[in-house]
Amino acid sequence: MDNAPGPRHYAAMTDTLIIGGGLAGTAAALWLADLGRSSIIVEARARLGGRAHSRAWGNSGGPVEYGGGWIRADHAEMIGLTKRLGIGLVPRADIIGHSYFRDGTWQANPAEDMAQYEAGIATLLTDAAQMNDDTPTARAIHGMTLRAYLDHRGFPASVVREIMAWWAISGSGAPDLIGANEYVTAKLAKGLMVKVEELAFTAETGVASIAQQAVAASGAETILGDAVERLEDCGSHVRATLGSGRVVEAATALVALPINALAQIRFLPALSPAQDNLRRRGHEGRALKLLIRAKGPKPGHLATGETLGIRWIFADRSLPDGSTLLIAFGLRDETGEPDPAMVATVLAAAFPDADLLGFDWHDWVNDPFARGTWVGATLASLPDFAAEHWGRRGRIAFAGSDLSSAEQGWMEGALLTARAAAAALQTRLNQNP
Ligand SMILES: Cc1cc2nc3c(=O)[nH]c(=O)nc-3n(C[C@H](O)[C@H](O)[C@H](O)COP(=O)(O)OP(=O)(O)OC[C@H]3O[C@@H](n4cnc5c(N)ncnc54)[C@H](O)[C@@H]3O)c2cc1C
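Residues numbered from 1 in each chain as written. Predicted model: local features only at pLDDT ≥ 70, side-chain atom pairs only at ≥ 80, totals over all residues.

Caption draft 1: Highlighting unusual backbone geometry. Residue Pro269 follows Leu268 across a cis peptide bond; omega there is -5°. Residue position: Pro269 is located in the loop between strand S14 (266–268) and helix H9 (273–281). Of note, the phi angle at Ser172 is positive, near 70°, even though the residue is not glycine. Judged by C-beta crowding, with 26 C-beta atoms within 10 Å, Ser172 ranks as buried. (Helix = DSSP H or I, 4+ residues; strand = E, 2+ residues; numbered from the N terminus. Buried ≥ 20, exposed ≤ 12 C-beta atoms within 10 Å, placed from the backbone.)

Next comes the structure, spelled out in structure tokens:
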């Protein structure tokens, strides 16, 4: 790692300058190395991993995930990479119960009127079952925001509350801007719990260790704590200017950033109109992930509902001191900044027998190098995400989970785009000069 201050010019031409040391950038470094290519990673933060942010919290006895954490069983790139790097996978606690909360109180049932609730959920699941088909219903829902879908179906408050609870871990932002199909997917037809059942594993040493070990295995050079401010495709090579004034040159570049961080970089030549639209408008993913330590809750218990904007709480695992780590989600625009009184109220509503020991969170929305959580694509901006707009142009390629067409928003999406970008850069590097 090179953290020496002062300007520096890289005389020997590195094959690829990777901007962003998240999972996309670091996996790309490894896969470029597999192809015989050298890379240098420039990362704005003082750590690798980006939105994969694992660190110990108090006496947690191991890493806690402040950002992305769960790996699905069908996430083949994530599972393959952890295996290659010798990182173990830990299964999620079995789901042992589901209760509800609303208006600050615990509830055994999601609704006062269960017949009305069950009819609404049946409609939701019937709609979901069609989402991969070309039916008028599916076509209509694909064109609706979540808010428009809820209004269209006229669901009772209990169904809206339950959908919004799951929205906090799927759509992740403004329901009047983001498409209903972030939550209403064909998979949902199996039942509401499928959205937690699919969260199969976490990484034993934390997901950030995937990024760290990928870089170590790649042999890539790393510059930490210095943000790229300008990136130029000079025709014969690329040149980046960093916040410190350093200049880094390479034969090609990979931009592996959250789309909400693109606005901080000046691109020469300018980005295409679709890319520039996304760069200026960004995405709306604004979830809050709240970590709570409490005595009492049994791992595997889920609570959904609404109190002070918190809508979804899972008792994740036991900690070495016998307490439980709970993971809660809400939307930042509804929760505001969590404080002790708020967390105590929410915990008392969802797990009335629990004793609150502490809480923590990372403010992704105001983090200058993320400016959001996982991607929340607005319906209006969907065309600008199309893969055709984000392929390699000249010497510059793009990657990152925000741009993935197959697994958008997931860590798997970061890896899928990284693999494609590494191949595209290799094609360009093989065309020298
Ligand atoms: C709270 C939360 C919960 C999540 N839960 C899950 C989950 O359970 N499962 C899942 O699969 N996914 C989850 N995600 C999403 C997942 O974490 C991300 O999709 C994935 O980590 C993104 O990887 P990336 O490499 O594309 O981007 P990032 O991780 O954002 O990496 C981009 C890097 O670029 C750096 N950077 C920014 N600007 C500059 C600059 N100008 N110059 C240099 N470097 C710069 C950033 O510091 C960052 O390190 C969650 C995300 C959050 C925030």
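Caption draft 2: Inspection of the pairing of strand S13 (residues 247–255) at higher detail. Burial of S13 is extensive: eight of the nine residues sit out of reach of the surface. Pairing geometry for strand S1 (residues 14–19) and S13, over five bridges, is parallel. Its bridge partner being in S13, Ile19 is matched across the sheet by Val255. Looking at chain direction, strand S12 (residues 238–242) and S13 are connected through four bridges and run antiparallel. Counterpart to Thr241 in the pairing with S13 is Val247. Summarising the sheet, S13 and strand S20 (residues 396–398) pair through three bridges and their orientation is parallel. (Pairing = 2+ DSSP bridges.)

Caption draft 3: Up close: the domain arrangement of the protein chain. Taken domain by domain, the protein chain consists of domain 1 (14–51 + 206–283 + 371–430) and domain 2 (116–188). A straight line from the C-alpha centre of domain 1 to that of domain 2 covers 33 Å. Contact residues are listed per partner, giving six residues for domain 1 and seven residues for domain 2. Residues of the side of domain 1 that touches domain 2, tallied by class, amount to three nonpolar, three polar and no charged. (Domains from an automatic or database assignment. Contact = placed C-beta atoms within 7 Å. Nonpolar A, V, L, I, M, F, W, Y, C, P; charged D, E, K, R; others polar.)

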